[in-house]
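A closer look at the structure
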Amino acid sequence: MTLGDKIKFLRENKGLNLSELAKKAGVAKSTLFKIEENKTNPTINTIWAIADVLGVAFGELVGEGEIKGDGVSVVLIEKTGRFESYKMTLKEGAEYIAKPHFPGSKEKIYVLKGGVLAGSIDNPEKAEEGDLIEFGADKTHIYKAAVKSTLIVTIFYPEKRYFKEDVFIDVFDEKEYKRLNGLVSSGVAIIRVIAKEDKYDAGNVIKNENGIFIFNKNMKTDVSGTLSIREYERKVILKHFRKELVYAAYLALIGEVEAAKALVLNSEFTDIKKALNGKN
């Protein structure tokens, strides 16, 4: 599935038209149309802005290949349920400002060549060749290079993630099922899989026009019938989680922003507050 195909699929599943996604992501409607039609190569900033609106990690969209921005390029090296690693190259004098990632996310940067000023935009650290620095990535952060520099950037996502963002694969078969079901068994409540080919069925798998859903076998609920992704998330999954386990970031992810704010402001549950403050 191409980058454009992924964006179009996720946009439609969130009930957004081209104009709405373009406005929320801060890109021109004509540009977004060309991206979805695979007629242009978007910049890093554009992809990240779209990913933020769609509620998916950057790595879920980009796949293999080099993505370029203004003086910056990144190549995805490795992606798992817990982290994403990139090779980042910055030209001399380049500056890249990144938006906050999911609450509780952290970044580690290893400088292969050159030197950078990186970290929280309010308090970045200087790192030279061979240095390793770490900072909270759930706040706006910056990478600034005085000379041409090459970095290994790894984003670590928090352990307490009760929902997994969409997974894009070519073939859903028994091997892929076992890998993803391992994530479900380790604590993730549900994963939506978007596959070009579907070659496997299992007792904790539901399939409809919105994708392939792998859910935790301990969920005591009737999930038969055809549900849209929003119906599935709001009416089924959230109903079966205690209030203290409804991760505020996920409410925001599916568009329930006010509910997320209310949960954070009114909650007495310290685990949520720690997660949102990047302390989990």
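Just above, that's the structure.
Below, the structure is looked at part by part. For clarity, every value in this text was computed on a predicted model and none was experimentally measured.

Definitions and cut-offs
- Residues numbered from 1 in each chain as written.
- Predicted model: local features only at pLDDT ≥ 70, side-chain atom pairs only at ≥ 80, totals over all residues.
- Heavy atoms only, no water.
- Pairing = 2+ DSSP bridges.
- Helix = DSSP H or I, 4+ residues; strand = E, 2+ residues; numbered from the N terminus.
- Axes fitted to C-alpha atoms, helices over the stretch in contact; angles between N-to-C directions.
- Salt bridge = Lys/Arg side-chain N within 4 Å of Asp/Glu carboxyl O.
- Buried < 20%, exposed > 50% of the residue type's maximum accessible area, 1.4 Å probe, protein only.
- Parallel < 35°, antiparallel > 145°, perpendicular 65-115°, else oblique.
- Left-handed = near helix turned anticlockwise from the far one by under 90°.
- Contact = heavy atoms within 4.5 Å.
- Nonpolar A, V, L, I, M, F, W, Y, C, P; charged D, E, K, R; others polar.

1. A short note on the sheet that holds strand β4 (residues 95-98)
Strand-to-strand pairing in sheets goes through backbone hydrogen bonds, with the strands running parallel or antiparallel. Taken in spatial order, the four strands make up an open sheet running β4-β9-β6-β7, and their pairing is antiparallel. The open sheet is flanked by β4 and β7 (125-128), the only strands paired with a single partner. Pairwise comparison of adjacent strand axes, ignoring direction, gives a mean angle of 20° for this sheet. Here strand β6 (residues 115-120) pairs with strand β9 (residues 141-145) via five bridges, running antiparallel. Counted as the bridge partner of A118 is Y143 from β9.

2. Some details on the pattern of salt bridges
Inspection of every chain in the model, using the stated rule, returns seven salt bridges. One salt bridge connects E36 with R11, and the closest N-O pair in it is separated by 2.6 Å. In this pair, E36 sits in helix α3 (residues 29-36) while R11 sits in helix α1 (residues 3-13), placing the two residues 25 residues apart along the sequence. In terms of burial, E36 and R11 fall into one category: buried.

3. Some details on the packing of α1 against helix α4 (residues 44-54)
The N-to-C vectors of α1 and α4 enclose an angle of 30°; their axes lie 10 Å apart at closest approach. Between α1 and α4, the interaxial angle falls into the category roughly parallel. Where α1 crosses over α4, the two elements pack in a sense that is left-handed. Listed contacts from α4 to L3, I7, L10 and R11 of α1 are I47, I50 and L54. Across the contact of α1 with α4, the residue classes break down as six nonpolar, no polar and one charged.

4. Some details on the packing of helix α2 (residues 18-25) against α3
Where α2 meets α3, the axes come as close as 9 Å, and the angle between the chain directions of the two elements is 110°. What the angle tells us is that α2 and α3 run roughly perpendicular. Seen from above, α2 lies across α3 with right-handed handedness. Taking contact as the criterion, the partners of L18, S19, L21 and A22 in α2 are, on α3, K29, L32, F33 and E36. Per-class residue counts for the contact of α2 with α3 are five nonpolar, one polar and two charged.

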